[in-house]
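Listed below, chain by chain, are the residues.
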Amino acid sequence: MSGGSKSVAPGESENDNEGLPTFSSRDWVATAAELAQRRPDVAIVGAPMDINTTYRPGARFGPKYVRSNAYDPGTYHLDLGLDIFEWLDVVDAGNAYCPHGQSARSQRNIEAKVTDVLRADAFPMIIGGDHSITYPCATAVARKYGWGKVGLLHFDAHADTADSIEGHLHSHGTPMRRLIESGAIRGRNFVQVGLRGYWPPPEVFDWMREQEMTWHLMHDVWDRGMRPVIADAIARAGDGCDWLYLSVDIDVLDPGFAPGTGTPEPGGMNPADLLRAVRQIALETPLVAMDVVEVSPPYDHADNTVNNAHRVILEALGALATKKREQAGGEVTRPGARPDPARLRYPIEPTEWSRPGDGTNTYTDEDAHLQGHHDDHA
């Protein structure tokens, strides 16, 4: 059991630290000006939009419930042997404003909110929302780090590469096609893991092959095992790219583990494999942004889905904290172990940990992708 008594500084009351239900009780730093002043390592961003879902709604509540309903397990990572938040400055930057019934405006606001984080040279950790939010989020990241210079590794039961769904170009079944068509992400650096079930049809996969996309069906994971699949996925997504974006649709898990999602598909991954895969990707790659999407609390039993999503985020944060520890030459504490370089296909680079250091990737107002009205988060 985690927890224990809460430390109280001299002159403080036990109530002084109680407030907003932020992610893992991190500081609330919600405006662009505050982010720029603080310059955290990571900023949690909520994207509470599910207007583009095709089946069961409710993912708009994902950010709220991942923050408030996940069982807080503590902050010490047993396998990695470190306290995550001793090494990593993580803040909660609040939500993008997603007004009901206004998909385009919501997506502009999501992109603007992620842009605020990127301008502060922080790592955006986005909690969705349905999967359509990946389009504005990954677009903002590509604007920051270079058009076509970011690979995308995508865990999902579904390819999300349809041209349109019922005439809708920005459905949660289309964002990956939009990203490739826009040029933000090159098809050859777009890798998907965990696809299964009965959709999409062959003509969509024909288009995917024309774009040089790579997919690993759930059958491949079952047949070959998770380790070689993830090694191949990392190699392909990073081939010719400088950075990586990770998108995790929680429905990549079997619905027995994650029932609270919009389009559950039996036969999926188990949490032990997913959590370690996310950790490995964050350890081995120049990861610069990540989203976790399609958590629909109204369908969640006993908060299973919320807790799995929360731990996916913690695994990535633990890996980022490990990179900072390696950079500083910090010690591994019991019962953890330092990642074995001989077992890492792409060794940790202590001098570069998921953000560029040369200052050449900077925003100007002319760079902004945003068109039309959006709500200023400053």
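In short, a report on the structure. (Residues numbered from 1 in each chain as written. Predicted model: local features only at pLDDT ≥ 70, side-chain atom pairs only at ≥ 80, totals over all residues. Heavy atoms only, no water.)

This part is about the environment of Tyr71. Positionally, Tyr71 belongs in the loop between helix H2 (62-68) and strand S3 (76-77). For Tyr71, a relative accessible area of 45% puts it in the partly exposed group. Tyr71 sits 236 residues away from Asn307 along the chain, and the two C-alpha atoms are 6.6 Å apart. (Helix = DSSP H or I, 4+ residues; strand = E, 2+ residues; numbered from the N terminus. Buried < 20%, exposed > 50% of the residue type's maximum accessible area, 1.4 Å probe, protein only.)

This paragraph deals with unusual backbone geometry. A negative phi angle is the norm for most residues apart from glycine, just as the trans form is the norm for most peptide bonds. Note that the residue after Gly128, namely Gly129, is joined by a cis bond; omega there is 15°. Checked against the element boundaries, Gly129 lands in the loop between strand S6 (123-128) and helix H5 (134-145). In this chain, Arg334 is followed by Pro335 through a cis amide linkage whose omega measures 0°. Residue placement: Pro335 occurs in the segment after helix H11 (304-328). In the Ramachandran plot, Arg39 falls in the positive-phi region, its phi being about 50° despite a non-glycine side chain.

In contact at an axis separation of 9 Å, H5 and helix H6 (residues 175-182) are set at 30° when each is read in the N-to-C sense. With respect to H6, the element H5 is oriented roughly parallel. Where H5 crosses over H6, the two elements pack in a sense that is right-handed. Contact residues: Thr134, Tyr135, Ala138 and Thr139 in H5; Pro175, Met176, Arg178, Leu179 and Ser182 in H6. Here the contact of H5 with H6 is composed, by residue class, of five nonpolar, three polar and one charged. (Axes fitted to C-alpha atoms, helices over the stretch in contact; angles between N-to-C directions. Parallel < 35°, antiparallel > 145°, perpendicular 65-115°, else oblique. Left-handed = near helix turned anticlockwise from the far one by under 90°. Contact = heavy atoms within 4.5 Å. Nonpolar A, V, L, I, M, F, W, Y, C, P; charged D, E, K, R; others polar.)

No statement about biological role is implied by the geometric values presented.
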